[in-house]
Amino acid sequence: MAKDRDHIHKYILSPMYALRGWNLLPYAVQARFVPHTEFLEKEPFELMKKCDGKTELRMNELSEEQHQLLERWLRGGFIHEAAPGDTLLPIQEYQFFPVRFKEEVQWSITGRCNYRCRHCFMSAPHAAQGEPSWQELMHMLDSFERCGIHAVNLTGGEPMVRKDFWQLVDEILSRQMIIPTLYSNGALITDEFLDQLDLRGMRPVIQFSFDGVGSHDWMRGVPGAERAVNEAMKRCRDRGFRFSASMVVFRENLGSIRETVNHLAALGCEGLKIGRATPQGEWLNEKEHYLSNAELYQAFLGYIPEYFEDGTPMSIDLSGMFNYVKDDETRRGSFFEKDIPEELFHKRLMCGHVRRGMYVSPQGFVLPCMSMVGSPIEHLFPNLLETRLERILNGKSLYMEIINYRISDYMEHQPDCQKCRYRQLCCGGCRAIALETTPTDYLGKDMSVCEYYLGGWMEKKDALMKELRKKYMQA
């Protein structure tokens, strides 16, 4: 571009992107087919708005900074030279939504399930959460659309048990919204189901539940559940659908982690997230199955060397203690270890994830995340069927109060944590996990990170990783 700064150019925004804005964040470019939004300052955004296929840009009138922006956008594929007659698609035109920003929603479209999982935190075997009517679904979907929510991830219960599932999918797609992820136990992921996705040009990541080789049937309460999910994963692999899995560990399946990881990797699974069964829902009073945090961390320390011995078969998240993404070295380590300078405590959110996304239960409650379903404070949150989402996102609802908490709010609430030598690493931990021990106090302690630090597990893991790096990670 440096050679032709005396020339006039017309650029156009790639059809992969659209211009958007929200309260407090009015200048954004949003990917149309994946959940990703980038925010700009006003002047760069005004320049991007001129990339409309018809505005003439006189190169010699632009600043050096503007030239650099255009060059970067060209290299990144955000814009390209406009051909005669090129215009933006209507969906790409700037839209402003007068609410706080939300990029995606995890939406439980039913509380029913075709399985009888022993550990279900929302008691889906009994349909404790019920199932919203079609009219209620449309009310909620209208709300998402009005507030500029672009990505809708479908979960349940088991979302595919709804008789109007494909009707709902078509309604979402007709509004130019996307469905990046489907959550399923796998029983209904047939060839016919995948045919319907192909028919719509959809390639969502399918997130399967898999609770260990040899343990899955027992945990899911249905004979043949393990065979069914294995067949579903093979089907996805053979037809090019991406999928990942989540595993709940408990006393009876703790020894199957290595076999399970290798088994899933052989099926083509991209990654496995392992969490601990907790005293909620169906297992509220069956404490003999639970593992202590110390037992969990000890098991993970035993498995991590095996993971490297097996050649890091796939990406893995060991309950926040250890995270390894195969194709991204920047996403390896521990989610527990936030390492935030104290001078930034008043700026940093307790949980950054809940700012971009939200969870909506089958009953319409708007929660920071799905883990809070069934908690004693669930019914204190605003309900989308009773209160407009605009009011929830713009007002002083419990939902907004919670997602806006800063680390400094937590430290003020927990004076003894202010004295802890791990405070900059821990930063209070996970709010959903904190509710397990302090059900009515969102600013309670996350005892899993307390155990991780005060029990010396971080140092044990670091020492182990030092040895493993020498053995496996050095050239």
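Our subject is the structure that appears above.
The notes below deal with the structure included here. Model, not experiment: these values are computed from the prediction.

## What about the packing of aromatic side chains?
No. 1: Taken as a whole, this structure holds 28 aromatic pairs when the rule is applied.
No. 2: When the centroid spacing of 5.4 Å and the interplanar angle of 40 degrees are considered together, the rings of Y27 and F45 count as tilted. One end of the pair, Y27, is in strand β4 (residues 25–31); the other, F45, is in helix α1 (residues 42–49), with 18 residues separating them in the sequence.
No. 3: In this structure an aromatic cluster arises from ring pairing among Y297, F336, Y422, Y452, Y453 and W457.
No. 4: Just above the ring of F241 sits the side chain of R203; from NZ or CZ to the centre is 3.8 Å.
No. 5: It is R332 that lies over the ring of Y324; its NZ or CZ is 4.2 Å from the centre.

## Here's the deal with helix α7 (residues 225–239)
No. 1: With 15 residues, α7 extends 21 Å between its outermost C-alpha atoms, agreeing within 8% with the 21 Å of an ideal straight helix rising 1.5 Å per residue.
No. 2: Looking at the buried side of α7, the elements it contacts are α5 (191–199), β12 (205–209), α6 (216–220), β13 (243–249) and α8 (257–266).
No. 3: Following α7 by one or two positions, G240 adopts a phi angle in the positive range, close to 80 degrees.

## Here's the deal with the sheet that holds strand β8 (residues 95–97)
No. 1: A sheet is described by the order of its strands in space; here four strands give the open sequence β5-β4-β3-β8, paired in mixed fashion. What marks the edges here is a single partner per strand, and that holds for β5 (37–39) and β8. Averaged over all adjacent pairs, the angle separating strand axes in this sheet is 30 degrees, with direction ignored.
No. 2: Bridge count for β4 against β5 is three bridges, and the pairing is antiparallel. Its bridge partner being in β5, Q30 is matched across the sheet by T37.

## Comments concerning the side chain of N383
No. 1: Looking at the element boundaries, N383 is found in the loop between β19 (366–367) and α11 (389–394).
No. 2: Looking at N383, its side chain comes within polar contact range of the main-chain nitrogen of L385, at 2.8 Å.
No. 3: Other than its neighbours up to four places away in sequence, N383 contacts Q363, G364, F365 and I392.

What counts and how
Residues numbered from 1 in each chain as written. Predicted model: local features only at pLDDT ≥ 70, side-chain atom pairs only at ≥ 80, totals over all residues. Heavy atoms only, no water. Phe/Tyr/Trp six-rings, centres within 6.5 Å; stacked < 30°, edge-to-face > 60°. Helix = DSSP H or I, 4+ residues; strand = E, 2+ residues; numbered from the N terminus. Lys NZ or Arg CZ within 6 Å of the ring centre and 35° of its normal. Expected span 1.5 Å × (residues − 1). Contact = heavy atoms within 4.5 Å. Pairing = 2+ DSSP bridges. Axes fitted to C-alpha atoms, helices over the stretch in contact; angles between N-to-C directions. Polar contact = N/O pair within 3.5 Å; in protein donor to acceptor, adjacent residues only side chain to side chain.

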